[in-house]
Structures are given as C-alpha cells and as structure tokens.
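Structure assessment
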Amino acid sequence: MKWLVLLRLVALSECIVIIPLTKMKITQEPIREKQLQEKFLDEQSHSLSQNSHPDHKFSSHGLRNFQNMVYFGKISIGTPPQEFQVNFDTGSSDLWVPSVDCQSPSCSKHKRFNPQKSTTFRRLDQKIRLSYGSGSMNGVLGCDTIQIGNLVIVNQTFGLSQNQSSGVLEQVPYDGLLGLAYPSLAVRGTTPVFDNLKNQRVISEPVFAFYLSSQPGNSSVVMFGGVDHTYHKGKIQWVPVTRTSFWQVAMSSISINGNVVGCSQGCQAIVDTGTSSLVGPTHLVTNILKLINPNPIMDDKQVLLCDAIKSLPVLLLTINGIIYTVPPHYYVQQISQEICFSSFQGGTELLNPSETSETWILGDVFLRLYFSVYDRGNNRIGLAPAA
C-alpha cells in the first residue's frame, strides 16, 4: 500500500513457484536516512525439491519494503524482455514501471521501459494517476508480455509512469510496483497480474504466500500456485476476508500488559506486504508510543534507547479468536548500536475519512513473525508462525 515491498518468482504450469527475496533498509527521516542505509543482501538460490510434493517444482528470488525493511524482486516486460525490480504488494492491485518518457528525478534513478524496443507492446489510450503513502505517479496504460521467473502472462495491462513524485519513490531500490490485492482496487477496466496468472492457467491454484525473513542469512520468499509448508510452524489458521478490495480481515483487539490499546470495539485489519510498520489511527498510535516510550530521544516519540527493549511489553493482536504476539524486538528496529525506533505509524484515518470504523495495517513488522497465505479461491488469509 506504500506503506511498501518486492520479490522475484519462477514456475511452470501446474507448479508452485517460490522466489527468495532481498531485504533492505530505507527511510525518510534524517537520523534514519544517515544510519539505516545498508547494501542489499545478495539474492540466494534456494532449491526446495527435497521438501516438496513430487508433482511440484520450486525456485526462488528477491523482495523489499517501505520506511525501514524493504523486500524486492525481478520481473521482465516485453519482447525481448526488459528487466525491472518491483515491489510485490498485497496493498495495491496495479503493475507499473517507469517509462522512457518520464524525466522526473525519481524515474531517472531507475530502469525505464522503452515501448519501441518491444515487438509485443500495445499502447492504450488511457491516462492514469496512482497514489500511495510513499508517493504518486502519472502515466498511461500499455499492454505487453510479462515474465516473473518462468511464469509468462500475455496481454497484461500495466502502467508506464511519465511523472513520479520525489522522496521515497526516488530513494527506493525498486523500479515499480506489482499489486497483488483484489481487482476492485485496480485501474478500472484492467485485470491485475495475479488474476491473469489464474485466468491464463499459468498457476494451478489461485493461491500465493509470503515468507519474510527477519534473519539476514535466510532468504525471504514469495510463492505462487500453492504453499510450501516448510516455511511455517504449526497449523495454518484461516481468517475470512471481510471486504474483497484490500486483503482485509476482522480483528478483535490490540492489547499491551492486559490493557486494550486499540481496536476496543473490534476493527478491520489490512494485511499488507507493502507496508513496513504497524499502522493505525493517529490518536491511538500516539497513545501507544507514549506508553512504550515515555522518554523519547531528540523529541521524536518513535526514537528510544535500544537498552529499553528488554523492558518493553509484548503486543497482543486477537484475530478470529487467535492471539498473535508481537515481541518488542520485532516492533522496535535498530538504527545504531544504541539508538532504536518503534515501528508504529499513524494515518489510517485518512484511508476512508467518511467512515468511523477503526482500521489497522499489519505490515512487515507482523509478517516477519507470521507466514501468510492469500487464498483467492476461498477469499481467506492463512497465518502461521514463520519457520
């Protein structure tokens, strides 16, 4: 949703495709901008055939996220293929990459698609504007062949950015976005990538899943067409989707030290691989930050001494009768040896200003703890402790 992420895929028809993800830290604020820049982890090949069903084949690639932890991966567009790094994002539904027609500083720092170099490209006479928490783009629609690893989709509509905002979209290591939410969020009249994977029978099951590693030495992955159960512990708990737009479910409460600090009357939770933080209504997030960080550093309520982590409380999220714990060393990120910051962010009241219902976004802080499965066939999300 941006509040962001990425990865890379490979598979054949009737196969599960698994793609290892590359992780990186980025940020907007000066203190974090100076200290959080890290080199991307090298993509790691990952053979899983020994753990998989004999009828399935596996392969892996890389990913990225917004504000601190970022996961990203590779796709190609056109004939011959032009390669791009994209954010695989369950919080949006459109695919777009920069165009050679874009002269914005944000575009000039990334790879740009050249329609004249693709023999299968078709230009569509429709302008688009897409806005995210991290920025916006203006452009036009085109149609071409898309390849994700060995998965090939023909006649895929996508956006070609002709003007992009600076800031986060300028800093990020990926070029564009590949949305994995429902078609209702896509540009009107277009079909999202995952729907074409289903419709063109490129995958055998209408399912994809994410494993976002919190360990530098492990590969994060996204998988299409099925689930590799070696990436989670215990049984997958299924949660019905409440609205087929975002991957949105009902949540019962958010509590700390036995006290409800959010979602007191029940609320909606958006499961979003494209967001790095836990995001909620500003006034509730402010209260949580005061509770866990009564003595902020540099007048920034999110910044605290790392020594404080061991005394911070565990966050408890109740979803469909199951309590999901988020320990402080997951919701607090390290900036330097001594300085940390808490990954709570306000602003969800701006998603639907006319609605009074409370909304939270469960980003990568949550998803690094819990393997997540997105089942379009049954409109449900599966969660299980990550392996």
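Residues numbered from 1 in each chain as written. Predicted model: local features only at pLDDT ≥ 70, side-chain atom pairs only at ≥ 80, totals over all residues. Heavy atoms only, no water.

A word on the state of the cysteines. One pass over the full model with this rule turns up three disulfides. With its sulfur 2.1 Å from that of its partner, C263 forms a disulfide with C267. Torsion about the S-S bond of the C263 and C267 cystine: about -100 degrees, corresponding to left-handed handedness. Take C263: its relative accessible area is 0%, and that puts it in the buried class. The class of C267 is buried, set by a relative accessible area of 7%. Ordinal numbering of bonded cysteines along the protein chain defines a disulfide pattern of 1-2, 3-4, 5-6. (Disulfide = S-S within 2.5 Å. Buried < 20%, exposed > 50% of the residue type's maximum accessible area, 1.4 Å probe, protein only.)

Let us look at the sheet that holds strand β20 (residues 322–326). An order of β15-β14-β19-β20 is seen for the four strands of this open sheet, with the pairing classed as antiparallel. The sheet terminates laterally at β15 (259–262) and β20, the two strands that pair on one side only. Across the sheet, the mean angle separating the axes of adjacent strands is 35 degrees when strand polarity is ignored. Pairing of strand β14 (residues 253–256) with β15 involves three bridges; the strand directions are antiparallel. Of the residues in β15, the one forming a bridge with I256 is N259. Here helix α5 (residues 282–292) sits on the sheet and contacts β14 and β15; the angle it forms with β15, its principal contact strand, is near 135 degrees. (Pairing = 2+ DSSP bridges. Helix = DSSP H or I, 4+ residues; strand = E, 2+ residues; numbered from the N terminus. Axes fitted to C-alpha atoms, helices over the stretch in contact; angles between N-to-C directions. Contact = heavy atoms within 4.5 Å.)

The next subject is the pattern of salt bridges. Taken as a whole and judged by the stated rule, the model has four salt bridges. When the shortest N-O distance is used, the salt bridge between E170 and K109 registers 3.1 Å. Remark: K109 occurs in the loop between α2 (105–108) and β5 (122–132) and E170 occurs in helix α3 (residues 168–171); sequence separation between them is 61 residues. Look at E170 and you get buried, because its relative accessible area is 18%. On the basis of relative accessible area, K109 is assigned to the exposed category, the value being 56%. (Salt bridge = Lys/Arg side-chain N within 4 Å of Asp/Glu carboxyl O.)

With the rule as written, the count across this model stands at 19 aromatic pairs. Taken together, a centroid distance of 5.5 Å and an interplanar angle of 90 degrees make the contact between F113 and F158 edge-to-face. Here the residue F113 occupies a position in the loop between α2 and β5, and F158 occupies one in strand β7 (residues 151–164), the gap between them amounting to 45 residues. Note on accessibility: F113 and F158 belong to one class, buried. Ring geometry for F208 against F210: centres 6.2 Å apart, planes inclined by 85 degrees, an arrangement best described as edge-to-face. Comparing F208 with F210, the two get one shared label, buried. An aromatic cluster of three or more residues is present, and its members are F88, Y182, F194, F208, F210, F224, W247 and Y374. (Phe/Tyr/Trp six-rings, centres within 6.5 Å; stacked < 30°, edge-to-face > 60°.)

We now examine the pairing of strand β6 (residues 135–148). The buried count for β6 comes to 12 of 14 residues, which makes it a mostly enclosed element. As judged from the nine bridges shared by β5 and β6, these two strands associate in the antiparallel manner. Counted as the bridge partner of R122 is C143 from β6. Bridge analysis of β6 against β7 gives 11 bridges, and the strand direction is antiparallel. In the sheet register, M137 faces β7, and the bridge partner there is Q164. The hairpin turn running from β6 into β7, its antiparallel successor, is two residues long, and G149 in that turn takes a positive phi close to 60 degrees.

This part covers the sheet that holds strand β21 (residues 332–334). Read from one edge of the open sheet, three strands run β18-β22-β21, paired in antiparallel fashion. Of all the strands in the sheet, the pair left with one neighbour each is β18 (303–305) and β21. On average, adjacent strands in this sheet sit at an angle of 40 degrees to one another, irrespective of strand direction.

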